[in-house]
Amino acid sequence: MAVRKLTIGERIVSDDTDAYVIAEIGHNHEGDVGKARELVVRAAESGASAAKLQKRDNRSLFTASMYNEPYTGRNSYGPTYGKHREALEFGHHEYTELAKLAKEVGIDFISTAFDFASVDFLAELDVPAIKMASADLTNTPLLAYAAKTGKPLIISTGGANMEDVRRAVDTILPINPELAVLQCTAVYPAGPADLHLSVIETFRREFPEVVVGFSGHDLGTELSMVAYALGARVVEKHFTLDRDRPGSDHHFSLEPAHLTKLVSGLREARKALGRQAKRQMPSEAAALRKMAKKLVAARDLPAGHVLSERDIAIKSPGDGLRPYLIGELVGRTLTGQLAADSDFTFDVVA
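The structure reproduced in this document is the subject of the present report. (Residues numbered from 1 in each chain as written. Predicted model: local features only at pLDDT ≥ 70, side-chain atom pairs only at ≥ 80, totals over all residues. Heavy atoms only, no water.)

1. With respect to the packing of helix H1 (residues 33-45) against helix H5 (residues 92-105)
- Where H1 contacts H5, the two axes come as close as 10 Å, and the packing angle between them is 25°. Between H1 and H5, the angle falls in the class roughly parallel. Handedness of the crossing formed by H1 with H5: right-handed. Counting all contacts with H1, which are made through Val33, Ala36, Arg37, Val40, Val41 and Ala44, the residues of H5 involved are Glu94, Glu97, Leu98, Leu101, Ala102 and Val105. (Axes fitted to C-alpha atoms, helices over the stretch in contact; angles between N-to-C directions. Helix = DSSP H or I, 4+ residues; strand = E, 2+ residues; numbered from the N terminus. Parallel < 35°, antiparallel > 145°, perpendicular 65-115°, else oblique. Left-handed = near helix turned anticlockwise from the far one by under 90°. Contact = heavy atoms within 4.5 Å.)

This is the structure we're talking about:
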């Protein structure tokens, strides 16, 4: 039987663990390393497992026309799309500083790689895992290149069909078994009907050796608990200090209080799932004694009496023979007299 396990840094992610929660900072730092530092610290304080950025080599990533395309409006940080992206891009100095800070506050520091140069950048930085965006699920050359780093890969599947997901998994697994596949919908924000969380179960059946997760663009935290119950063990949500800030991602991101609620809710979900075996628990004993039923004498019964159903009553408390045993008493003979409401036991019948 395949073992579904992913190791990211010192953390093991499997069906038996809490969710690995990724606080997706993305470009919500607005190009300000001070804000990025605060986001990393607040993500750690909220209990997230990882804080994540996005890495692009903008000059090689975009065509000249797209790079120079005018980009204006409230969410713009530059006059063209390329300048906008450059304004939000961190380099080696900022990444090194943030990685050091993350280690100090006890949170993993990872990033999405959007191109070959960014894979090299993150591998050199020695991040504990690399994320691949939904838009690159069909970019098998990039997926294979990232897989060859030996870093655990986390791939999102927004905008994909099952054939796309299979192709991506088949590209990565022969090279690198450390893989997580996240159900994702490329809608920002996503409503409940957009999420299709049942795909998590499909992924688990289709890829028994792969950790499955959920990258959610929904506004709340509750449906992430549903995802965990369905088997998601990596949960990614966008993270911001203020939803009202300008920028394309702030409005559907979680603020620190929401992230704290998400982490605690996922931990409670794990506790609530418990074990698969159905067993009576010691903590249920008091309630069962009070509310359950037992078999007692319906009236005073003499010794030598042959029992019929009319001789046997079903009453609380439930600290005696259970009612399903009534058939084992009917037709048997009392070895001694039994007062009304007295417990039946197998010691008083022959």
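2. Focus on the pairing of strand S1 (residues 5-8)
- Covered by surrounding structure in S1 are Leu6 and Ile8 only, the residues Lys5 and Thr7 on the alternate face being uncovered.
- Pairing geometry for S1 and strand S2 (residues 11-14), over four bridges, is antiparallel. Each residue of the ladder has a partner; that of Thr7, found in S2, is Ile12. (Buried < 20%, exposed > 50% of the residue type's maximum accessible area, 1.4 Å probe, protein only. Pairing = 2+ DSSP bridges.)

3. Structural notes on the pattern of salt bridges
- Here the structure, examined in full by the defined rule, presents 25 salt bridges.
- For the salt bridge of Lys261 with Glu222, the shortest nitrogen-to-oxygen distance reads 3.5 Å. Remark: Glu222 occurs in helix H11 (residues 222-229) and Lys261 occurs in helix H12 (residues 256-273); sequence separation between them is 39 residues.
- One salt bridge in this structure joins Asp341 and Lys315, with 2.7 Å as the shortest N-O distance. (Salt bridge = Lys/Arg side-chain N within 4 Å of Asp/Glu carboxyl O.)

4. Here's the deal with the packing of H11 against H12
- Between H11 and H12, the least distance of the axes is 9 Å, while the angle of their chain directions is 35°. Crossing of H11 against H12: the hand is right-handed. Residue-level inspection shows Glu222, Ser224, Met225, Tyr228 and Ala229 of H11 in contact with H12, the latter providing Lys261, Leu262, Gly265, Leu266, Ala269, Arg270 and Leu273.
- In the contact of H11 with H12, the residues fall into seven nonpolar, two polar and three charged. (Nonpolar A, V, L, I, M, F, W, Y, C, P; charged D, E, K, R; others polar.)

5. What about the side chain of Lys237?
- Mapping Lys237 onto the fold places it in strand S10 (residues 234-238).
- The buried category is assigned to Lys237, whose relative accessible area is 2%.
- One polar contact links the side chain of Lys237 to the main-chain carbonyl oxygen of Gly220, over a distance of 3.0 Å.
- Setting aside its immediate chain neighbours within four residues, Lys237 contacts Ile22, Ala23, Glu24, Gly216, Asp218, Gly220, Ser224, Leu254 and Leu262. (Polar contact = N/O pair within 3.5 Å; in protein donor to acceptor, adjacent residues only side chain to side chain.)

6. Section: the sheet that holds strand S5 (residues 108-113)
- The strand order around the closed barrel formed by eight strands is S3-S4-S5-S6-S7-S8-S9-S10, and the pairing between neighbours is parallel. Adjacent strand axes in the sheet meet at a mean angle of 25° when their direction is disregarded.
- This element, helix H6 (residues 116-125), spans strand S4 (50-55), S5 and strand S6 (130-132) of the sheet and lies at about 165° to S5.
- Taken strand by strand, helix H8 (residues 162-172) contacts strand S7 (153-156) and strand S8 (179-184), and its axis lies near 165° from that of S8.

7. Some remarks on the side chain of Glu236
- Tracing the chain through its elements places Glu236 in strand S10.
- Of note is the side chain of Glu236, whose polar atom sits 2.8 Å from the side chain of Lys131.
- Contact partners of Glu236, with chain neighbours within four places excluded, come to Ile22, Glu24, Lys52, Lys131, Ser156, Leu182, Phe214, Ser215 and Gly216.

8. Focus on H1
- Helix length check: H1, at 13 residues, gives a terminal C-alpha distance of 18 Å against a target of 18 Å (1.5 Å per residue), a fit within 8%.
- What H1 keeps buried is the set Ala36, Leu39, Val40, Ala43 and Ala44. Projection of H1 onto a plane perpendicular to its axis shows the buried side chains occupying an angular sector of 130°, all on one side.
- Residues of H1 that are buried sit in contact with strand S3 (20-26), S4, H5 and H12.
- The opening residue of H1 is Asp32, an N-cap whose side-chain oxygen sits 2.8 Å from the backbone nitrogen of Gly34.
- Of the residues flanking the end of H1, it is Gly47, one or two places downstream, whose phi is positive at about 95°. (Expected span 1.5 Å × (residues − 1). Arc of directions from axis to C-beta.)

9. A few points about the pairing of S5
- For S5, a buried count of six out of six residues is recorded, marking the element as mostly surrounded by other parts of the structure.
- The pairing of S4 with S5 spans six bridges and is classified as parallel. Counterpart to Ala51 in the pairing with S5 is Phe109.
- Strand direction decides the pairing type here: S5 and S6, joined by two bridges, are parallel. Looking at S6, one finds that Thr112 is bridged to Lys131.
- In this region the chain leaves S5, passes through H6 and returns to the parallel neighbour S6; the handedness of that crossover is right-handed. (Right-handed = clockwise from strand over helix to strand, strands pointing away.)

10. Considering the environment of Arg4
- Relative to the assigned elements, Arg4 resides in the segment before S1.
- A relative accessible area of 13% means that Arg4 is categorised as buried.
- Once the C-alpha coordinates of Arg4 and Val210 are considered, the two residues, 206 residues apart in sequence, prove to be 5.3 Å apart.
- A distance of 3.2 Å separates the side chain of Arg4 from the backbone oxygen of Arg204, its partner in a polar contact.
- Separated by 2.7 Å, the side chain of Arg4 and the backbone oxygen of Val210 make a polar contact.

Shape is all these values report; function is a separate question.
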